[in-house]
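Chain residues, written in single-letter form:
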Amino acid sequence: MKKIKLSVNCWNENLFYKLLNTKVDKIIFGIKGFSCRFNNYITLDQLRNIVKNKNDKKISICLNNLYHENEIKSLEKLLKELSTINIDELIFHDFAIAQIVYENNYDFRLNYNPETLNVNYGQVDFFIKNGFSAFTLARELLISEVIEIANNKKTLEIEMQIHGFTFFMHSNWKIISNFKKYLDTKNEEYDDNSKFYEIREDLRTLKNLIYEDHFGTHMFSGFVLCGCKKIKQLENIDYLKIDPIFRTENWAINVINIYYDLLENRIDENECYKRLSNLEKEYKLSESFLGKISEMPHIEKGVDNEQ
């Protein structure tokens, strides 16, 4: 099997220096005001220091907001600053970023990640024509669909999430604070991604995770995506991403090391799954769309004992 690389979202310098001692290949950061769905964000000064000390790691900046007209000048200023820093890749959602990069002839590798839209290989030629280097697959793909796209990626790299809570909904509305205001509860500010609520439909067993920040409301699966048993079928995927949102630094390091034990054949899929399960005290592991439809936690119905 060809070498599959691991990538991971990172939220501070302390975790970055810990990651230097792992075999993770790509470290992804967000920047406050321009990125969302990270545990925290780094500054440009911190980024400059990180790039100077990255060793053989690739450093990606994820700018995954959708930007309004009044934010474009700030975005242009940020991209100009980033062009002076030796980062390896820009992960983006809004095509405004690709347009600004094109107009200014910036030398960025571009990784297009619109979260839910990359679902077939019909877009590959468009990505290549527009100078993209990579794209990130949607999480809502069956394993057969992932393989089909990976086999038709041409010159592009493909990235996909392999582990962690899965994001599936974002609204610009401040749903939590509006709800609390309607209930006449204490008005709070929501700008800390470590604080989230659990929400569940009456007829579902699964709770989802929901939190609010400056950009609105974000919802995640109440299960942990775990695709380790499908590794052998993912040999044409270039990067498998671990997302540690809502988790600790130690959790991230442990998960990375367990996956690398699997990728380097020190353990098999069953042992990998067992070790990953031991890290979870509260949340269920699931292959989600990569597994059998009948086993997806999202469709489980029935009221459990907890009210």
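Coordinates for the structure precede this section.
Residues numbered from 1 in each chain as written. Predicted model: local features only at pLDDT ≥ 70, side-chain atom pairs only at ≥ 80, totals over all residues. Heavy atoms only, no water.

1. Section: unusual backbone geometry
Phase 1: Although it is not a glycine, Asn-55 sits at a positive phi angle of roughly 55 degrees.
Phase 2: Examined against the element boundaries, Asn-55 turns out to sit in the loop between α2 (44-52) and β3 (58-63).
Phase 3: Within the chain, Lys-154 stands out as a residue other than glycine whose phi angle is a positive 55 degrees.
Phase 4: Tracing the backbone shows Lys-154 in the loop between α6 (143-150) and β7 (157-171). (Helix = DSSP H or I, 4+ residues; strand = E, 2+ residues; numbered from the N terminus.)

2. Some words on the side chain of Glu-159
Phase 1: Residue placement: Glu-159 occurs in strand β7.
Phase 2: A relative accessible area of 2% means that Glu-159 is categorised as buried.
Phase 3: Within polar-contact distance, the side chain of Glu-159 engages the side chain of Ser-7 at 2.6 Å.
Phase 4: Polar contacts involving the side chain of Glu-159 include one to the side chain of Lys-26, which spans 2.8 Å.
Phase 5: Apart from residues no more than four positions distant in its own chain, Glu-159 is found in contact with Ser-7, Lys-26, Ile-28, Asn-111, Phe-135, Thr-136, Leu-137, Tyr-239 and Lys-241. (Buried < 20%, exposed > 50% of the residue type's maximum accessible area, 1.4 Å probe, protein only. Polar contact = N/O pair within 3.5 Å; in protein donor to acceptor, adjacent residues only side chain to side chain. Contact = heavy atoms within 4.5 Å.)

3. Topic: the pairing of β3
Phase 1: Burial analysis of β3 places 5 of its 6 residues in the buried class, which makes it a mostly covered element.
Phase 2: Bridge count for strand β2 (residues 26-30) against β3 is 5 bridges, and the pairing is parallel. Directly across from Ile-27, in β3, lies its bridge partner Ile-59.
Phase 3: Regarding the hand of the β-α-β motif, the stretch spanning β2, α2 and β3 is right-handed. (Pairing = 2+ DSSP bridges. Right-handed = clockwise from strand over helix to strand, strands pointing away.)

4. Describing helix α8 (residues 249-263)
Residues separated by three or four positions in an α-helix point in the same direction, a consequence of the helix having 3.6 residues per turn.
Phase 1: An ideal rise of 1.5 Å per residue puts 21 Å on 15 residues; α8 measures up with 21 Å between its terminal C-alpha atoms.
Phase 2: What α8 keeps buried is the set Glu-249, Trp-251, Ala-252, Ile-253, Val-255, Ile-256, Ile-258, Tyr-259, Tyr-260, Asp-261, Leu-262 and Leu-263.
Phase 3: Its buried side turned inward, α8 meets β1 (5-9), α1 (13-19), β7, β10 (216-226), β11 (239-242) and α9 (269-279). (Expected span 1.5 Å × (residues − 1).)

5. A short note on the environment of Lys-54
Phase 1: Along the chain, the position of Lys-54 falls in the loop between α2 and β3.
Phase 2: Taking relative accessible area as the criterion, Lys-54 reaches 12% and is therefore assigned buried.
Phase 3: Between the C-alpha atom of Lys-54 and that of Leu-19, which follows or precedes it by 35 residues, the distance is 9.7 Å.
Phase 4: At a separation of 2.9 Å, a polar atom in the side chain of Lys-54 contacts the side chain of Asp-88.

6. What to know about the pattern of salt bridges
Phase 1: Under the defined criterion, the tally for this structure stands at 20 salt bridges.
Phase 2: In this structure, Lys-26 engages Glu-159 in a salt bridge whose closest nitrogen and oxygen atoms are separated by 2.8 Å. With Lys-26 in strand β2 and Glu-159 in strand β7, this pair connects stretches of sequence that are 133 residues apart. Summarising the burial analysis for this pair, Lys-26 and Glu-159 share the class buried. (Salt bridge = Lys/Arg side-chain N within 4 Å of Asp/Glu carboxyl O.)

7. Quick notes on α6
Phase 1: For α6, the set of buried residues is Ile-143, Val-146, Ile-149 and Ala-150. Along the axis of α6, the buried positions cluster into a sector of 125 degrees, meaning they face one direction only. (Arc of directions from axis to C-beta.)

8. Notes on the environment of Ser-171
Phase 1: Residue position: Ser-171 is located in strand β7.
Phase 2: Sequence separation between Ser-171 and Thr-217 is 46 residues; the distance between their C-alpha atoms is 5.2 Å.

9. Looking at the packing of α8 against α9
Phase 1: With their axes 9 Å apart at the nearest point, α8 and α9 run at an angle of 175 degrees to one another. Taken as axis vectors, α8 and α9 run roughly antiparallel relative to one another. Along its contact with α8, which presents Trp-251, Asn-254, Val-255, Ile-258, Tyr-259, Asp-261 and Leu-262, the element α9 presents Glu-269, Cys-272, Arg-275, Leu-276 and Leu-279.
Phase 2: Tallied by class, residues from the contact of α8 with α9 come to 8 nonpolar, 1 polar and 3 charged. (Axes fitted to C-alpha atoms, helices over the stretch in contact; angles between N-to-C directions. Parallel < 35°, antiparallel > 145°, perpendicular 65-115°, else oblique. Nonpolar A, V, L, I, M, F, W, Y, C, P; charged D, E, K, R; others polar.)

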